[in-house]
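Single-letter residue listing:
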Amino acid sequence: MATLGEGPVTPQEEQVKWLQEASTNVKRNAFYMKRAVDEDNMREALKYSAGLLVELRTSLLTPQKYFELYMQAFDELRHLEAFFKEHHTKGRSYADLYELVQHAGSVLPRLYLLCTVGSCYIRSKEAAAKEILKDLVEMCKGVQHPTRGLFLRSYLCQVSRGLLPDAGSEYEGEGGDINDAIDFLLVNFTEMNKLWVRMQHQGSQRDKDRREKERQQLADLVGKNLTYLSQLDGLDFTLYKDVVLPRIMEQIVSCKDDIAQQYLMQCVIQGFPDEFHLGTLETLLGACPELQSGVKVHIILASLLDRLARYAQTDPSVVDAFNKADAFGQLNAAASKVATQQAEMPAADVAAMYIALLGFTGSVYPDRLDSVDQVLAATHAALQSRATSRDARAEKQLVALLSIPLDKFDVVTVLGLNNYPHVMGLLAPATQKEMAVKIVQVILKNTTRVTSVEKVDMLFDFINPLIVDVEGTQDDTDEEDFADEQSLIARLIHQFHSEDTDVQHQILTAAHKRFLKGGPRRLKHTLPPLAFLALQTVQRIKAREEAGDALDSSCKTVLQFTHGLIAALAAVPMAETALQLFLAAAYSASEVARLELIAYEFFEQAFILYEEDIPDSRSEVTALQSIVGCLHRCRVFSAESRETLVHKATGYSGKLLKKPDQCRAVCSCSHLFWQDIPEGEDAGSSADGVQPPVRDADAVMVCLKRALKIANAAQQQSAVALKASDTSHVCLFVDILNHYLYYFEQGNTNITPSVLQSLLELVSNEMANDHCKKDAALEAFYRNTLKHIAWQKKREDGVGKLYEPLQI
Amino acid sequence: MKNLFGGLGLGQGVSVQLDFKPAEGQAVRTATVKAKGNETEQLPLYTNRDTIAGEIKVSNVPGKKVEHQGVKVQLLGVIELATERGTPHEFLALVRDLAPPGEIIAPQTFTFEFNNVDLQYDSYRGLQARLRYLLRVTVTRGYGTTTVKDFYFWVRNCEAAPAEVAGQPPIKMEVGIEECLHIEFEYNKNKYSLKDTVVGKIYFLLVRIKLKYMEIEIKRRETTGAGSAAKNESETLAKYEIMDGAPVRGESIPIRLFLSPYDLTPTYKNVHNKFSVKYYLNLVLVDEEDRRYFKQQEIQLYRLDTACDAASAPATPSLRLGG
């Protein structure tokens, strides 16, 4: 067919050329055939139709190109078919034609013609459909060439479509019954599959890839039989179970071909109804372990499970049916069997298989954790012998596997399953860590609460790689990732929550113990949230104590625990954070637990830290502000202890480096002498270990005056430094003015309108300075202050009166 | 040539015409017989014990009377063999005198009839042997002017169908080449009528060669002579592909070969001690290197009773699968 001497051509070009040549011949013969049809010459028509069909004998074309040619021939044969019908109406029997076409000497054209006549023959009902079908499907054995045979049988399948003696079909009855229809399709299927499989073993090893590709292209021809089978109206479950499926499976298993098994199993699973699958699980699953080792059984199982799972969701009664059939047990057993029998199956695929099973379990039995555990056990058993830790793909699958129950069930409960840690243990350390992150994330996402010491301990076992450095692993996470991980843990801590504060205390202790093993790098992330949780617990204990519950853990013990915890943090060292925590603890001890000694101790620790470990002046300012703020609100202290603490704090404020800092700190300290009176409380009241609020007007005045002095000093300092543009001291004045106003409003009798008035003038003079006018922030601050005064003046109540004498 | 001369008359020629007339009201049947090349000819058809009757018209050239020593018609059965060219063997010779010596003044018609003729052999045209029947009309005249004209007719004899089972055991055989190819084949009968269908199966027991296709040939073998002088000549009458591609072990390929489209005759055994005609089915397997593997198997052919033989009658109303 190929002409020589045209130089090298690529295989594609060759294909195109061959197809063209064949196609031309088909067209030419078709032309003569149609002419013969017009002339009503049967002999010639048959001759030329055979002539065009001979082109299909080519072995040169790839399946794709062959398909094009086939379609062309297919179309032409429709003319011939019409001609047969015409002859039939003129009185020629189909029996006669059926014989006549068999006189063709060449087998492939003969069989195409036979199928064509055969379909007309059945349609005419002159013979029983089953007889013709049986004959056709048998005669087609004459073509043993895979591609040609597949297309021929596909043609048979296509022309006989709708002519099968299916239940309810017009060809039923004398033409046969559903059994004949099934038989026909099954035989055709079997034969086609044999041909398809045979392709694999032809030609050289070199062409294997190409051949497999070609086979994939032909897969649907084979699968069509199964599709038609599934479309038979008469196919009921009994027939399916007793006849169809066993024969299909027999063929699938016995063909021992990877591609075919893979494709056909999928076909069966996708092609037939769910309830059929449910009833035949045993057969379907029984076949799985028998498949070739190259077959991706997990994909097959996955699609089966997927279908079943979706089926279960359609109707609750289905789940009962599942239970009745022990679907889960069967599936699990099948998976194990596959894993044991196919020793070469990659670990990743095994894992994927179990993922599917687990997914199925999760959606069908949302409340059956024991099933999950069983699956995990099976996974562990299957994967133990396969080295998963060096197989990145397997690892990935395992992580996915372990994540499934986390999403579907309560995380902590899942973790409590016997086999969960076993499976997790299969992972490489790095992956275990990844998994740990996942677990934490899921807990956070679902805001699952971890409610007992045991559970916390267990959880820590799982996320151990995040909590401590695991030996023998190179921790290559960078600082940022590490911080992310640890902040996850920090968030996790807040999920530890037991209604019972005793238990909560135990949880705290347990967590603390664990965290201490993590080293300073982690402690700075993990301890603060733990401390806050502890303080929160103190609150809850207090509430319960007041309610009169008998408790093992008192506020005191928890606070003591907190103390130790913060001390550990201070040793990290994380002085600033620790200081803040001490203050928070002190506040809690004072205002919640009302334990003066402990509160004092916390302040003491905070002061020590302030003195020893605060590295720079800026931090000092912040720390000091915090100390003052906290101390301001603490009311548990007796006058004496308070005196000491306040004294210390004011002392610190004078020792700050920068004048503005000093000034502001002194202002702040003034508040230490002027505590707020909570609403509904008298100035003189003291109850339950709470001291009355301190209100020392003189001391406040001393502070404010000192502040003014410092501000003046600052002004001079900037003058000396020739920093004319420096407005910071003016800002201080406005600040101080605000403090004055505050105390004025608060009713501090030392502050009279005249004192204020002079201060106002002082400030307004300073503000007249050009530089000040250019400082927008300062300008706004000042303006707002004035506005406030103006506003207050307008008030009708006592405050308005108070302000009245002031002139702006 | 004689006719030609006769026809031209050369002064005193006669022309002879012969019409086969049906005896007792039955139609004259005809047979379409292959002649040289692709041509066919139509010949009157008779069978054993038929009566052969007709009319012979002897005409003179108008206005010229012809004297003769008698007119006769002979019925001859002749076997011609290629090996004995020019000496046909007459195995049957009957004669009817139509007219005593006399004159033909005007065209004259003679009727004749051979009753119940023993036509035991079929007409046959092969490569080496021919068996022919003819009517020879002779108008005897003086030396060199005798007019002889031959009119051929065809004879077919039918057999009753053989007893169903016992008479036709299937042909079954296992053949092969060691470690290479083993097949088992089966033809449903060993005796087929000419309109029959050969139904069978090829079962592949072992295939180690790459086959390309498989076909069945119908072969005819003529044997002439006997003993050491026997001569065989074979001819392939048909090729019928039954398989395309390479089968694997365990495949079975169906055979259904309709015999009717082919120009076959019954098997003839030792026709008048002169020749035999035998038929064979030759199963040929061709591999990818075009090597041929074959197995030849004789089958007996016979002609079924005329009633069934008539082409117009459908064999059975049911599906004609030939089984």
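Residues numbered from 1 in each chain as written. Chains lettered and ligands numbered in written order. Predicted model: local features only at pLDDT ≥ 70, side-chain atom pairs only at ≥ 80, totals over all residues. Heavy atoms only, no water.

**Concerning the domain arrangement of chain B**
Residue and element names in this part refer to chain B.
- Splitting chain B by domain gives domain 1 (2-155) and domain 2 (171-306).
- Each of domain 1 and domain 2 has a C-alpha centre, and these two points are 39 Å apart.
- Interface of domain 1 and domain 2: buried area, both sides summed, is about 1,500 Å²; carbon and sulfur atoms make up 60% of it.
- Considering only the side of domain 1, the residues that lose the most area to domain 2 are Y124, L127 and Q128, jointly responsible for 40% of the buried surface there.
- Summed over the shared surface of domain 1 and domain 2, the number is two salt bridges.
- Residue K274 pairs with E84 through a salt bridge whose shortest N-O separation is 3.7 Å.
- Connecting domain 1 to domain 2 are eight residue pairs in polar contact (both at pLDDT 80 or more).
- When residues of the side of domain 1 that touches domain 2 are traced back to their parent elements, those giving at least two are β2 (29-34), β6 (70-81), β7 (89-99), β10 (124-125) and β11 (129-140).
- Of the residues belonging to the side of domain 1 that touches domain 2, the class tally is eight nonpolar, five polar and five charged. (Domains from an automatic or database assignment. Buried area = accessible area lost by both parts, 1.4 Å probe. Salt bridge = Lys/Arg side-chain N within 4 Å of Asp/Glu carboxyl O. Polar contact = N/O pair within 3.5 Å; in protein donor to acceptor, adjacent residues only side chain to side chain. Helix = DSSP H or I, 4+ residues; strand = E, 2+ residues; numbered from the N terminus. Nonpolar A, V, L, I, M, F, W, Y, C, P; charged D, E, K, R; others polar.)

**Digging into the packing of helix α5 (residues 107-124) of chain A against helix α7 (residues 146-159) of chain A**
Residue and element names in this part refer to chain A.
- Packing of α5 against α7 brings their axes to within 9 Å, and their N-to-C directions diverge by 10°. It follows that α5 is roughly parallel to α7 by the angle criterion. Where α5 abuts α7, its residues L108, L111, Y112, C115, T116 and S119 lie against R148, F151, L152, Y155, L156 and V159.
- Looking at the contact of α5 with α7, its residues break down into nine nonpolar, two polar and one charged. (Axes fitted to C-alpha atoms, helices over the stretch in contact; angles between N-to-C directions. Parallel < 35°, antiparallel > 145°, perpendicular 65-115°, else oblique. Contact = heavy atoms within 4.5 Å.)

**Some points on the sheet that holds strand β19 (residues 252-258) of chain B**
Residues and elements named next belong to chain B.
- Taken in spatial order, the four strands of this open sheet run β13-β14-β16-β19, and their pairing is antiparallel. The two strands at the open ends of the sheet, each matched to only one other strand, are β13 (171-177) and β19. Ignoring strand direction, the axes of neighbouring strands in this sheet form an average angle of 20°.
- Examined bridge by bridge, strand β16 (residues 197-207) and β19 share seven bridges and lie antiparallel to one another. Within the sheet, the bridge partner assigned to I202 lies in β19 and is I253. (Pairing = 2+ DSSP bridges.)

**Thoughts on the packing of aromatic side chains**
All names here are of chain A.
- What the rule picks out here adds up to 42 aromatic pairs over all chains.
- Pairing Y94 with Y121 gives two aromatic rings, centres 6.2 Å apart and planes at 40°, and the pair type is tilted. Of this pair, Y94 sits in helix α4 (residues 94-100) while Y121 sits in helix α5, and the two are 27 residues apart along the sequence. The two residues Y94 and Y121 agree in class, both being buried.
- Taken together, a centroid distance of 5.2 Å and an interplanar angle of 80° make the contact between F744 and Y803 edge-to-face. (Phe/Tyr/Trp six-rings, centres within 6.5 Å; stacked < 30°, edge-to-face > 60°. Buried < 20%, exposed > 50% of the residue type's maximum accessible area, 1.4 Å probe, protein only.)

**A few points about helix α8 (residues 178-200) of chain A**
- Taking 1.5 Å per residue, 23 residues should reach 33 Å; α8 of chain A reaches 34 Å between its end C-alpha atoms and fits that length.
- The buried fraction of α8 of chain A is high, at 18 of 23 residues. (Expected span 1.5 Å × (residues − 1).)

**Brief notes about the interface of chain A and chain B**
- Between chain A and chain B, the residue contacts involve 28 residues of the former and 24 residues of the latter.
- Interface area, chain A with chain B, both sides summed: about 2,200 Å², of which 46% is carbon and sulfur.
- If you sort the residues of chain A by the area they bury against chain B, E99, H103 and Q144 of chain A come out on top, with a joint share of 23%.
- In this structure, the connection of chain A to chain B is made through five salt bridges.

**Observations regarding the sheet that holds strand β9 (residues 108-114) of chain B**
All names here are of chain B.
- One open sheet accounts for three strands, arranged β1-β4-β9; its pairing is antiparallel. Of all strands in the sheet, those with a lone pairing partner are β1 (14-21) and β9, marking the two edges. If you compare each strand with its neighbour and ignore which way they point, the axes differ by 20° on average.
- Bridging between strand β4 (residues 52-60) and β9 involves seven bridges; their strand directions are antiparallel. Pairing of K57 across the sheet is with T109, part of β9.

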